[in-house]
Amino acid sequence: MSDSALNLFPDAIPVDKIRYDERGLVPAIVQDYLDGTVLMMAWMNRESLQKTLTTGETVFWSRSRQELWHKGATSGHIQKIKTIRYDCDSDALLIGVEQIGDIACHTGERSCFHQIEGKIAPPPGDTLSQVFNVICDRRDNPIENSYTCKLFAGGDNKILKKIGEESAEVVMAFKDDDVEGIAGEVADLFYHTLVALAHHGVELKDVYRKLQQRRG
């Protein structure tokens, strides 16, 4: 499925070309622009979409209250627009945002999609984020015989030594032009680097922000 990126300038956006339903609404899926976590789904009409593009923050249409709804206006958990795309049929929106406060759901959870069979669970993001979350959980809730916990127990000496070893193995895998080996060794390096980040209290999203800044 192809999609088209909308320019965040009101006079250049085909607001009237979006295919609204019989109620004049279009579904909008909101996701974290850094790790891709789906945060929520809401509805927009022409006016709310126009205001979203004009203000740079999400504005939805509340079906229950029959009025515009500026997300976070009361709670402070506003959503700053980073990207907006519409699908190949022009009848659905995908909005990438910076979620202020990292809370999108009215329940206080990061994402509205936080339930699995009635249980509360963190919403899935990209693979690195999922692995990082597990690593942070091992740091905060140690498990006996966990390799990750043993790394934390060893502190910088053990963690940084492993990063050095894995870096050397990555170099050798590239020199050998071993495709499978390269993937495996880079995965090991990523993992041990994530452990170091967690050990020093640095969030993975801070790294993503740096990459986004350098991407321009």
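Residues numbered from 1 in each chain as written. Predicted model: local features only at pLDDT ≥ 70, side-chain atom pairs only at ≥ 80, totals over all residues. Heavy atoms only, no water.

Turning next to the side chain of Q79. Mapped onto the secondary structure, Q79 falls in strand β6 (residues 79–87). The exposure class of Q79 is buried, given its relative accessible area of 0%. Engagement of the side chain of Q79 in a polar contact is seen with the side chain of T58, the distance being 2.8 Å. A distance of 2.8 Å separates the side chain of Q79 from the side chain of Q99, its partner in a polar contact. Every residue in contact with Q79, bar those within four places of it in the chain, is listed here: V30, M40, G56, E57, T58, F60, K71, V97, E98, Q99 and A104. (Helix = DSSP H or I, 4+ residues; strand = E, 2+ residues; numbered from the N terminus. Buried < 20%, exposed > 50% of the residue type's maximum accessible area, 1.4 Å probe, protein only. Polar contact = N/O pair within 3.5 Å; in protein donor to acceptor, adjacent residues only side chain to side chain. Contact = heavy atoms within 4.5 Å.)

Turning our eyes to something else, we now look at the nonpolar core. If you look at the biggest cluster of nonpolar residues, it comprises 20 residues, and the most contacted ones within it are I18, V30, M44, L49, F60, L93 and I95. Contributing elements (two or more residues each) for this core: β2 (26–32), β3 (38–44), α1 (46–55), β6 and β7 (93–99). Sort the elements by how many residues they give to this core and β3 lands first, with four residues. Core analysis: the next-biggest nonpolar cluster, separate from the first, contains 18 residues, F132, I163, A196 and L197 among them. (Core = buried A, V, L, I, M, F, W, Y, C linked by side-chain atoms within 4.5 Å.)

We now examine α1. Those residues of α1 lying buried are S48, L49, T52 and L53. Seen end-on, α1 carries its buried residues on one side only, within an arc spanning 135 degrees. Taken together, the buried residues of α1 touch β3, β4 (59–62), β5 (67–70), β6 and β7. Where α1 begins, the capping side chain belongs to N45, and its oxygen is found 3.2 Å from the backbone nitrogen of E47. Backbone geometry just downstream of α1 places G56 in the positive-phi region, at approximately 80 degrees. (Arc of directions from axis to C-beta.)

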